Amino acid sequence: MSATTTRVQENIGDPVSDKPQVSRPQLEEIFKDIQADLRYDHELHGCLNCGICTATCPAAHYYDFSPREIVQLLWTENLEGIYDAMQEKIWACAQCYTCAARCPFGNSPGGLIMLMRETAIKHEMESAKSVLRPFSRVMLKLVSTGNQLAPDMINAEHFADWGPNISKVDAPLKLLRKAIPMPTLNTTATAWEVNLRTSVELYTIWEETGVLKQLEGIDRNLFDVIADFMDEKREDWKDFLADQEDEKDD
Ligand code: SF4
Ligand code: SF4
């Protein structure tokens, strides 16, 4: 080996895989993005490699997944391992934060995994796209209306993948929702009524915080549908304000 050779690999990848190799600068950029988040130093203080987080992690019982391994990858700055974990493993976490409550070092493995997920979305990784694809209905509802699942979405048509178990959640929704004292919850088409002004303010938040840009990167079709929805609601809001002005003038 000459004095100028280096053991640092320029390109990382599986030599027998068809997948394109990931360049070292790209791996560094991904890690820098994770590290640059304000929460990073708050979530990672060191790691004893003790495995308490994994021992108490519910996801580790069911999947080939270990929060200890993820924290070690970050702590030792193993760029290739971090990238690999972002292709599948990080999506196994249930974000329950049991690990954060138990870690003797005060780390939050679940919090670090959240940063890795956000970075996977920012880098438009396939893993993020495929994990989020089945939730496009929920994202549409959440981003366009500020609501999560509407009660009437929990039916056999919307959740065919739930199989025959879906019939167990069949209920007289209209009647049940009418019984809830808050009028904003007397609806089945939405979890609760969000007024027009709040919806329009939410759109500004989605835009200013970069949520919409991230959505555009991982699901262009969904982004287009939501953008149309937002335009429509903003027009409704303008009309509402114009009507108010007209009423004042009369
Ligand atoms: S993150 Fe905490 S609990 Fe998990 S292995 Fe490291 S020191 Fe132990
Ligand atoms: S937050 Fe994730 S890593 Fe931590 S215990 Fe829960 S499932 Fe496991």
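Here's a quick rundown of the structure. (Residues numbered from 1 in each chain as written. Chains lettered and ligands numbered in written order. Predicted model: local features only at pLDDT ≥ 70, side-chain atom pairs only at ≥ 80, totals over all residues. Heavy atoms only, no water.)

On to helix α5 (residues 67-75). Among the residues of α5, those classed as buried are P67, I70, V71, Q72, L73 and L74. On its buried side, α5 packs onto α1 (24-36), α2 (40-43), α3 (52-56), α4 (58-62), α6 (79-87) and α8 (109-122). Following α5 by one or two positions, E77 adopts a phi angle in the positive range, close to 55°. (Buried < 20%, exposed > 50% of the residue type's maximum accessible area, 1.4 Å probe, protein only. Helix = DSSP H or I, 4+ residues; strand = E, 2+ residues; numbered from the N terminus. Contact = heavy atoms within 4.5 Å.)

This part is about the site of ligand 1. Around ligand 1, a shell composed of C47, L48, N49, C50, G51, I52, C53, R68, V71, C103, P104 and N107 is seen. Among the detected pockets, ligand 1 sits in the largest cavity. Counting only elements with at least two residues in the shell around ligand 1, the list comes to α3 and α5. Of the residues that constitute the shell around ligand 1, the class distribution is 8 nonpolar, 3 polar and 1 charged. (Near = heavy atom within 4 Å. 1 Å grid on protein atoms, 1.4 Å probe; cavity = no way out; pocket = protein on both sides within 12 Å on 5 of 7 lines; lining within 4 Å. Sits in = over half its atoms within 2 Å of the grid points. Nonpolar A, V, L, I, M, F, W, Y, C, P; charged D, E, K, R; others polar.)

Moving on, we get to empty space enclosed by the protein. Under the criterion given, the structure shown has 2 cavities of 30 Å³ or more. Elements supplying a minimum of two residues to the lining of the largest cavity: α3 and α5. Partitioning the lining of the largest cavity into residue classes produces 10 nonpolar, 3 polar and 1 charged. Estimates place the volume of the second largest cavity at around 80 Å³. As for the second largest cavity, its lining consists of 13 residues, and the residues nearest its centre are C57, F65, C93, C96 and C99. By residue class, the composition of the lining of the second largest cavity is 11 nonpolar, 2 polar and no charged. (Points joined across faces, edges and corners; volume = space filled by probe spheres on them.)

It is the contact of α5 with α6, at a shortest axis distance of 8 Å, that shows an interaxial angle of 140°. Between α5 and α6, the angle is such that the two are oblique. Seen along the crossing, α5 lies across α6 with a hand that is left-handed. For the pair α5 and α6, the contacting residues are I70, L73 and L74 in the first and G81, I82 and A85 in the second. Partitioned by chemical class, the residues of the contact of α5 with α6 number 5 nonpolar, 1 polar and no charged. (Axes fitted to C-alpha atoms, helices over the stretch in contact; angles between N-to-C directions. Parallel < 35°, antiparallel > 145°, perpendicular 65-115°, else oblique. Left-handed = near helix turned anticlockwise from the far one by under 90°.)

This part is about the side chain of R177. Within the element layout of this structure, R177 appears in helix α11 (residues 173-178). Among the residues examined, R177 registers a relative accessible area of 15% and is labelled buried. In this structure the side chain of R177 is engaged in a polar contact, spanning 2.8 Å, whose partner is the backbone oxygen of T187. Discounting chain neighbours no more than four positions away, the residues touching R177 are P151, L185, N186, T187, T188, T190, A191 and W192. (Polar contact = N/O pair within 3.5 Å; in protein donor to acceptor, adjacent residues only side chain to side chain.)

This part is about helix α13 (residues 211-218). Among the residues of α13, L212, L215, G217 and I218 are the ones counted as buried. The secondary structure elements touched by the buried residues of α13 are α8, α9 (126-132), α10 (136-145), α12 (196-208) and α14 (220-249).

Now for the layout of surface pockets. Estimates place the volume of the largest pocket at around 650 Å³. M114, I121, L132, M139 and Q214 are, among the 19 residues lining the largest pocket, the residues nearest its centre. Only α8, α9, α10 and α13 provide two or more residues apiece to the lining of the largest pocket.

Moving on to the packing of α10 against α12. At a minimum axis separation of 8 Å, α10 and α12 run at an interaxial angle of 110°. As far as their axial angle goes, α12 and α10 are roughly perpendicular. Touching L142, V143, S144 and T145 of α10 are S199, Y203 and W206, all from α12. Here the residues of the contact of α10 with α12 sort into 4 nonpolar, 3 polar and no charged.

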